[in-house]
Amino acid sequence: MSDQVSFYGETFTSRLLLGTAQYPSPAILSDAIKDSGSEIVTVSLRRESTGGKNGRAFWDLIKALNVRVLPNTAGCHSVKEAVTTAEMARDVFDTEWIKLEVIGHADTLQPDVFGLVEAARELVSQGFKVFPYTTDDLVVGEKLLSVGCEVLMPWGAPIGSGKGLNNLFALKTMRAHFPNVPLVVDAGIGLPSHAAQSLELGYDAVLLNTAVAKAGDPVKMAKAFALSIEAGRLSFHAGAMEARDMALPSTPVLGLAFSETF
Amino acid sequence: MIIVNGESVETKAQTMAELLDELGYDDMPVATARNMSVVRKRERADTKLAEGDRIEILVPMQGG
């Protein structure tokens with residue numbers, strides 16, 4: 001299989017990065033991950049009142065699936081919180097990968113891009129491989145690359161909103177401007193068609209959670225996303241037709257019955 | 001008295017490792033921090049606790 005996606009030198013066949021939160025049960029989570037074909041799942045760190053028992057059960061479940069974990073810094077609003085959380089995640093999950101979130105706005109969960117660049121610089125200097133959750137701003141993307149990020153993860157729409165790709169122009173521009181950087185649409189995807197559209201734009205992968213976890217049947221939806229991502233990627237390789245404003249008949253006009261040529 | 005995960009705790013533990021034992025986390029995969037600085041697994045036995053310390057003990061959890 002030659003059409004693989006690469007993050008920090010590691011290659012993967014699946015272009016779906018799947019979140020592990022909000023599923024109806026651990027069994028459904030496990031089945032959804034399996035049917036999604038995802039090879040990378042996101043995880044987090046939280047306080048827990050049961051002496052770590054739930055945490056261990058969850059971690060055992062994930063380890064049994066033999067997938068790569070991408071810990072996040074979800075919910076961090078400051079550089080210090082994000083950096084410390086990343087360091088703690090590295091210690092417990094034993095990986096240098098980190099999905100870096102520095103949240104700047106409570107309602108939209110919009111990234112604080114200034115804090116994001118600062119935290120990314122610090123984490124890269126500590127040897128982390130940073131997956132920054134960012135906006136679709138080109139200049140911020142450049143800053144993140146300049147401090148050592150080798151992946152960019154712009155939002156499609158606010159986290160958990162399911163609104164799809166809000167700013168196609170910005171996402172297309174970002175793809176054109178960073179042709180050799182792995183780009184992942186992270187957040188806002190609600191439907192398999194949104195995921196397909198991301199891949200059609202040439203994005204390398206999508207990261208989503210709620211769209212699968214909150215579906216009526218998460219396992220079925222996980223499979224739907226897997227198929228849509230495959231379709232979107234094939235479509236990107238196939239090269240889409242050019243859109244037109246006016247109709248153009250697809251059936252040949254030459255030889256049309258009942259026509260006069262005089 | 002120290003603060004563990006935002007709550008006041010009376011403890012006899014002198015180190016981070018002893019605190020984890022005392023709170024029943026012995027075998028669990030946990031991440032720890034003291035006053036906003038990470039304390040790695042291998043550092044826990046040597047990390048002394050002081051009155052008023054703010055300790056975080058975090059566990060793997062579902063995330064997006």
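Note that this is a predicted model, so its numbers are computed, not measured.

(A) Local environment of the packing of aromatic side chains. Residue and element names in this part refer to chain A. Overall, the coordinates contain six aromatic pairs over all chains when judged by the stated rule. Aromatic pair F7 and F12: ring centres 6.3 Å apart, planes at 40°, arrangement tilted. The class of F12 is buried, set by a relative accessible area of 7%. Their ring planes at 55° and their centres at 5.4 Å tell us that Y8 and F131 sit as a pair that is tilted. Residue Y8 is located in the loop between β1 (5-7) and β2 (10-12), and its partner F131 is located in strand β7 (residues 129-134); the two are separated by 123 residues in the primary sequence. For Y8, a relative accessible area of 14% translates into the label buried. A relative accessible area of 0% means that F131 is categorised as buried. Through a chain of ring-to-ring contacts, the aromatic side chains of F7, Y8, F12, W97 and F131 assemble into a single cluster. If you follow R68 out to its NZ or CZ, it ends over the ring of W97, 4.0 Å from the centre.

(B) Representation of the pattern of salt bridges in the model. Residues and elements named next belong to chain A. Evaluation of the coordinates by the stated rule reveals eleven salt bridges over all chains. In this structure, E10 and R68 form a salt bridge, with 2.7 Å as the shortest nitrogen-oxygen distance. Of this pair, E10 sits in strand β2 while R68 sits in strand β5 (residues 68-71), and the two are 58 residues apart along the sequence. Residue E10 is classed as partly exposed on the basis of its relative accessible area, which comes to 28%. The salt bridge involving R175 is made with D204; its shortest N-O contact spans 2.7 Å.

(C) Spatial organisation of the nonpolar core. Counting residues in each nonpolar core, the largest one holds 80 residues, and the members touching the most others are A:F7, A:I62, A:L100, A:V130, A:V206 and A:L208. Among the elements that take part in this core, helix α3 (residues 79-93) of chain A stands out by supplying eight residues, more than any other. Setting aside anything within four residues of it in sequence, one finds A:F7 in contact with A:F12, A:L17, A:I40, A:W97, A:F131, A:V151, A:P182, A:V184 and A:A205. Among the nonpolar cores identified, the runner-up in size contains 16 residues, and B:M28, B:V39, B:L49 and B:I57 belong to it.

(D) Molecular detail of helix α9 (residues 218-238) of chain A. Residue and element names in this part refer to chain A. Along its 21 residues, α9 runs 30 Å from first to last C-alpha, staying within 8% of the 30 Å computed at 1.5 Å per residue. Of all the residues in α9, the buried ones are P218, V219, A222, F225, S228, I229, G232 and R233. Structurally, α9 contributes buried residues whose contacts are with β3 (16-19), α1 (26-36), α7 (192-200), β10 (205-208) and α8 (210-213). Positive backbone phi, at 85°, marks G239, one or two positions downstream of α9.

(E) The arrangement of the pairing of β7(A) in detail. All names here are of chain A. Most of β7 sits out of view: five of its six residues are buried. One ladder, built from four bridges, connects strand β6 (residues 97-100) with β7; its direction is parallel. Note on β7: the bridge partner recorded for L100 is P132. Once the chain exits β6 it traverses helix α4 (residues 113-125) before rejoining the sheet at β7, and the crossover so formed is right-handed. In this sheet, strand β8 (residues 153-154) lies alongside β7 in parallel orientation, the contact comprising two bridges. Following the sheet pairing, Y133 is matched in β8 by M153.

What counts and what doesn't
Residues numbered from 1 in each chain as written. Chains lettered and ligands numbered in written order. Predicted model: local features only at pLDDT ≥ 70, side-chain atom pairs only at ≥ 80, totals over all residues. Heavy atoms only, no water. Phe/Tyr/Trp six-rings, centres within 6.5 Å; stacked < 30°, edge-to-face > 60°. Buried < 20%, exposed > 50% of the residue type's maximum accessible area, 1.4 Å probe, protein only. Helix = DSSP H or I, 4+ residues; strand = E, 2+ residues; numbered from the N terminus. Lys NZ or Arg CZ within 6 Å of the ring centre and 35° of its normal. Salt bridge = Lys/Arg side-chain N within 4 Å of Asp/Glu carboxyl O. Core = buried A, V, L, I, M, F, W, Y, C linked by side-chain atoms within 4.5 Å. Contact = heavy atoms within 4.5 Å. Expected span 1.5 Å × (residues − 1). Pairing = 2+ DSSP bridges. Right-handed = clockwise from strand over helix to strand, strands pointing away.

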